[in-house]
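Observations on chain architecture
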Amino acid sequence: FIAVLKQPSLIFIMFLQSLSTLPHLWGTTLLTVTLSPLGVSQKTIGMLIIITTIVSFITTLLSTRLADMLFRFRLKGLILILLTMHTVAMICVSVSALSHGHSDSNKYIVFAGYVFGISFLNSAAPLIYELLAEVSHPVPEDVINGLCNQCNNIIGVLFYLTFR
């Protein structure tokens with residue numbers, strides 16, 4: 001544990017991973033509220049989350065295979081690409097949701113942006129865990145993953161406390 005605390009880069013990567021859980025928390029708790037001005041029902045939100053989970057599963061498998069084939073020992077590059085794609089998709093979701101247009105094309109942009117944005121974010125998560133294991137080589141992988149999960153829990157609690 002002390003060896004992990006002595007490496008600021010590990011703590012930074014864990015913090016990055018923890019912050020990346022916020023869109024998941026938002027999607028599962030506040031998506032209905034966020035998209036209600038667009039006239040989207042709760043049933044449609046449920047279907048959107050199911051589709052997002054399926055697409056996330058596929059993109060995670062593809063990105064991890066891509067990491068093994070093309071990005072061996074260069075995980076940071078692939079993680080940055082995936083997080084950038086996530087950011088662009090979520091900006092599209094935000095701009096479309098804030099426009100308050102009730103058109104079907106606006107809803108499709110929000111839905112597609114959300115599905116792809118969360119899928120790219122989910123694809124980056126296992127790669128970040130792998131990067132943490134590589135960077136902290138003498139420290140056992142179980143310790144690193146446990147600490148990262150605890151960071152996720154702390155960020156999640158802080159997120160929920162803001163809406164208390």
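Residues numbered from 1 in each chain as written. Predicted model: local features only at pLDDT ≥ 70, side-chain atom pairs only at ≥ 80, totals over all residues. Heavy atoms only, no water.

**Comments concerning a nonpolar patch on the surface**
A grouping of Met47, Ile50, Ile51, Ile54, Phe57, Ile58, Leu61 and Leu62 is seen on the molecular surface, where their side chains present a nonpolar patch of about 800 Å² in accessible area. Mapped onto the secondary structure, leucine 62 falls in helix H5 (residues 42-70). (Patch = residues over 30% accessible without salt bridge, like charges linked within 9 Å, V, L, I, M, F, W, Y side chains within 5 Å. Areas by Shrake-Rupley, 256 points an atom, 1.4 Å probe, with all protein chains shown as cover. Salt bridge = Lys/Arg side-chain N within 4 Å of Asp/Glu carboxyl O. Helix = DSSP H or I, 4+ residues; strand = E, 2+ residues; numbered from the N terminus.)

**Structural notes on the packing of helix H2 (residues 8-19) against helix H7 (residues 104-135)**
The contact between H2 and H7 brings their axes to 10 Å, and the two run at 170 degrees. Judged by the angle between their axes, H2 and H7 are roughly antiparallel. Facing H2, whose interface residues are Ser9, Leu10, Ile13, Met14 and Gln17, H7 presents Ala125, Ile128, Tyr129, Leu131, Leu132 and Val135. The residue makeup of the contact of H2 with H7, split by class, is nine nonpolar, two polar and no charged. (Axes fitted to C-alpha atoms, helices over the stretch in contact; angles between N-to-C directions. Parallel < 35°, antiparallel > 145°, perpendicular 65-115°, else oblique. Contact = heavy atoms within 4.5 Å. Nonpolar A, V, L, I, M, F, W, Y, C, P; charged D, E, K, R; others polar.)

**What about the nonpolar core?**
As a rule of thumb, nonpolar side chains are buried together in soluble globular proteins. Ile79, Leu127 and Leu132 are the most contacted members of the largest nonpolar core, which has 22 residues in total. The leading source of residues in this core is H7, at eight residues. Excluding residues that lie within four positions of it along the chain, isoleucine 79 makes contacts with Leu127, Ile128 and Leu131. Grouped together as the second largest cluster of nonpolar side chains are 14 residues, Leu38, Ala97, Tyr114 and Val115 included. (Core = buried A, V, L, I, M, F, W, Y, C linked by side-chain atoms within 4.5 Å. Buried < 20%, exposed > 50% of the residue type's maximum accessible area, 1.4 Å probe, protein only.)

**A short note on the packing of aromatic side chains**
Under the definition given, this model contains one aromatic pair. Residues phenylalanine 116 and phenylalanine 120 carry aromatic rings whose centres are separated by 6.4 Å and whose planes lie at 25 degrees to one another, so their mutual orientation is stacked. Here the residue phenylalanine 116 and the residue phenylalanine 120 both occupy positions in helix H7, the gap between them amounting to four residues, near one helical turn. Here phenylalanine 116 falls in the partly exposed class, since its relative accessible area comes to 44%. (Phe/Tyr/Trp six-rings, centres within 6.5 Å; stacked < 30°, edge-to-face > 60°.)

**Re the confidence of the model for the chain**
Scored by pLDDT, the chain has a mean of 80; 90% of the residues are at 70 or more. Ranking the elements of the chain by mean pLDDT puts helix H1 (residues 2-5) last with 64 and H5 first with 87. (pLDDT = per-residue confidence, 0-100.)

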